[in-house]
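Reading the structure
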Number of protein chains: 2
Amino acid sequence: MAIFSKTCEYGIRAVFFIAHKTANGNRIGIKEIANGISSPEPFLAKILQDLSRKGIIQSFKGPHGGFYLDESSLSRPLSDIVEAVDGDSLFKDCGLGLKACSEINPCPLHNQFKEIRNNIYKMLNSTTIGAFNNELLTGIFSLKK
Amino acid sequence: MAIFSKTCEYGIRAVFFIAHKTANGNRIGIKEIANGISSPEPFLAKILQDLSRKGIIQSFKGPHGGFYLDESSLSRPLSDIVEAVDGDSLFKDCGLGLKACSEINPCPLHNQFKEIRNNIYKMLNSTTIGAFNNELLTGIFSLKK
DNA sequence: AGATAAAAAGGTATTAATATCATTTTAAAT
DNA sequence: ATTTAAAATGATATTAATACCTTTTTATCT
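Now for a quick tour of the structure. This is a predicted model, so every value here is computed, not measured.

Below, the discussion takes up the overall build of chain A. Across its full length, chain A carries 8 helices and 2 strands. Sequence-ordered secondary structure for chain A, helices as α and strands as β, is α-α-α-β-β-α-α-α-α-α. For chain A, the C-alpha atoms occupy an extent of roughly 55 × 30 × 30 Å along the three principal directions. Taking as baseline every contact in chain A between residues at least 6 positions apart, the subset at least 24 positions apart corresponds to 63%. As displayed, chain A has an accessible area near 7,000 Å², and 52% of this comes from carbon and sulfur atoms.

Structure (structure tokens):
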């Protein structure tokens, strides 16, 4: 198993891509995004539609329309994308799948998972959507394949 | 998304349960295990059958048969269960799902995920199957619901 | 106003994960 | 030998995730 669902993987990669391609105020179409991050276009369309409805990204219909990010979206943490797509179970739920697991009724791995969940959340919450625009521009980082 | 698949969650809980219930040399049947960890019995049967085939747990057919753990199984790390069930993608694959992601062609979150993967692996690899027998016996830890 | 280009919406298809059921094999007890 | 209790196997069912397709809405341009 991967950490994120495919939906979430595509979502994060797409948002990074949009951030980097629209830093200049432009918009970008679904075709170019799907191609830029190696994702199935119709599936990605659904994902972006959902992220747009939830306010994580912005979109504009019609000719010269497309997806883009406003200032406040650029400074959102990645955890917002993950939460919008996969929910907060990665940050909150018991690692062994126990609904009743808690501080007073812990599973054997309760404390270990608490730390891991915190690590993941801290990382995702302290990294913003726009954090890698420079590196993406210079080609240091890849979002394809 | 959860960290592990349902299959893996049931598997780990079941193995903990078997370890604790058969520490005295007994065997334990699928019914009692399924009940003890709140899992669907036929599904769990499949999982344990697979773990048995892979040598993670031991089983014995016929009357007074059941599942149990030998000494060496008790000292295996949890990472062995996870690898047997979910494979090693949790420890190895790119967090953003990129096949080509590597040190020389990193995704934007490459280093961040490397650390998280290492945390998870270290935890699972340094915790043994038999580590919680005492706490399970005294009821400090729960495997149910 | 009409044509066009884009995302949004809604519905369908495929695949993988999860769950269940029926039959077979194995070993013990009588 | 027969019965019985257990896991192993094989087949099927259900559900959720992933992927795709068609139509509709919105905005721009001529």
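After that view of the structure, there is still more to cover.
A few words now on the protein's contact with DNA strand C. Neighbouring DNA strand C are 28 residues; Ile30, Lys46 and Ser59 of chain A together with Pro40 and Pro63 of chain B lie closest to it. Sugar and phosphate atoms constitute 65% of the interface atoms of DNA strand C, taking the interface as everything within 4 Å of the protein. Note that a phosphate oxygen of DNA strand C is positioned 3.0 Å from one of the backbone N or O atoms of Ile30 of chain A. Lys46 of chain A places a side-chain nitrogen or oxygen 2.4 Å from a base nitrogen of DNA strand C. Of all the elements in the fold, those that place two or more residues in the surface near DNA strand C are α3 (41-53), β1 (58-60) and β2 (66-68) of chain A together with α1 (6-21) and α3 (41-53) of chain B. Looking at which element gives the most residues to the surface near DNA strand C, the answer is α3 of chain A, with 4 residues. Residue composition of the surface near DNA strand C, by class: 11 nonpolar, 11 polar and 6 charged.

To continue, consider the side chain of Ser73 of chain B. Residues and elements named next belong to chain B. One can find Ser73 in helix α4 (residues 71-74). Owing to a relative accessible area of 1%, Ser73 belongs among the buried residues under this scheme. Here Asp70 takes part through its side chain, which lies 2.8 Å from a polar atom of the side chain of Ser73. When near neighbours in sequence (up to four residues on either side) are disregarded, Ser73 contacts Gly55, Ile56, Gln58 and Ile129.

The way to describe two aromatic rings as a pair is by their centre distance and the angle between their planes. Considering all chains together, one arrives at 10 aromatic pairs over all chains under this definition. Seen from their ring centres, Phe4 of chain A and Phe113 of chain B are 5.7 Å apart, and the 80° between their planes marks the pair as edge-to-face. Of this pair, Phe4 of chain A sits in the segment before α1 (6-21) while Phe113 of chain B sits in helix α7 (residues 110-125), each in a different chain. With respect to class, Phe4 of chain A is no different from Phe113 of chain B; both count as buried.

Once that is clear, we can look at the relation of the copies chain A and chain B. Of the two same-sequence chains, chain A is brought onto chain B (RMSD 0.0 Å, axial shift 0.0 Å) by a rotation of 180°. These values place the two chain copies in the arrangement generated by a two-fold rotation axis. Within chain A, the C-alpha atom positioned nearest to the axis of rotation is that of Ile3 of chain A, 2.9 Å from it.

With that settled, the discussion passes to α1 of chain A. Under the 1.5 Å per step criterion, the end-to-end length of α1 of chain A is 22 Å for 16 residues, consistent within 8% with the ideal 22 Å. Of all the 16 residues making up α1 of chain A, 13 are buried; the element is thus mostly covered by neighbouring parts of the structure.

With that settled, the discussion passes to the interface of chain A and chain B. Often, the extent of an interface is quoted as the loss of accessible area upon association of its parts. Counting residues at the interface gives 40 residues for chain A, matched by 40 residues for chain B. Counting the surface lost from both chain A and chain B, the interface buries some 3,600 Å², and carbon and sulfur atoms represent 70% of this. It is Met1, Leu96 and Pro108 of chain A that lose the most area in chain A upon contact with chain B, and together they represent 21% of the buried surface on that side. On the surface where chain A and chain B come into contact, there are 0 salt bridges.

Quick notes on the rules
Residues numbered from 1 in each chain as written. Chains lettered and ligands numbered in written order. Predicted model: local features only at pLDDT ≥ 70, side-chain atom pairs only at ≥ 80, totals over all residues. Heavy atoms only, no water. Helix = DSSP H or I, 4+ residues; strand = E, 2+ residues; numbered from the N terminus. Contact = heavy atoms within 4.5 Å. Areas by Shrake-Rupley, 256 points an atom, 1.4 Å probe, with all protein chains shown as cover. Near = heavy atom within 4 Å. Polar contact = N/O pair within 3.5 Å; in protein donor to acceptor, adjacent residues only side chain to side chain. Nonpolar A, V, L, I, M, F, W, Y, C, P; charged D, E, K, R; others polar. Buried < 20%, exposed > 50% of the residue type's maximum accessible area, 1.4 Å probe, protein only. Phe/Tyr/Trp six-rings, centres within 6.5 Å; stacked < 30°, edge-to-face > 60°. Least-squares fit on C-alpha atoms with pLDDT ≥ 70 in both. Expected span 1.5 Å × (residues − 1). Buried area = accessible area lost by both parts, 1.4 Å probe. Salt bridge = Lys/Arg side-chain N within 4 Å of Asp/Glu carboxyl O.

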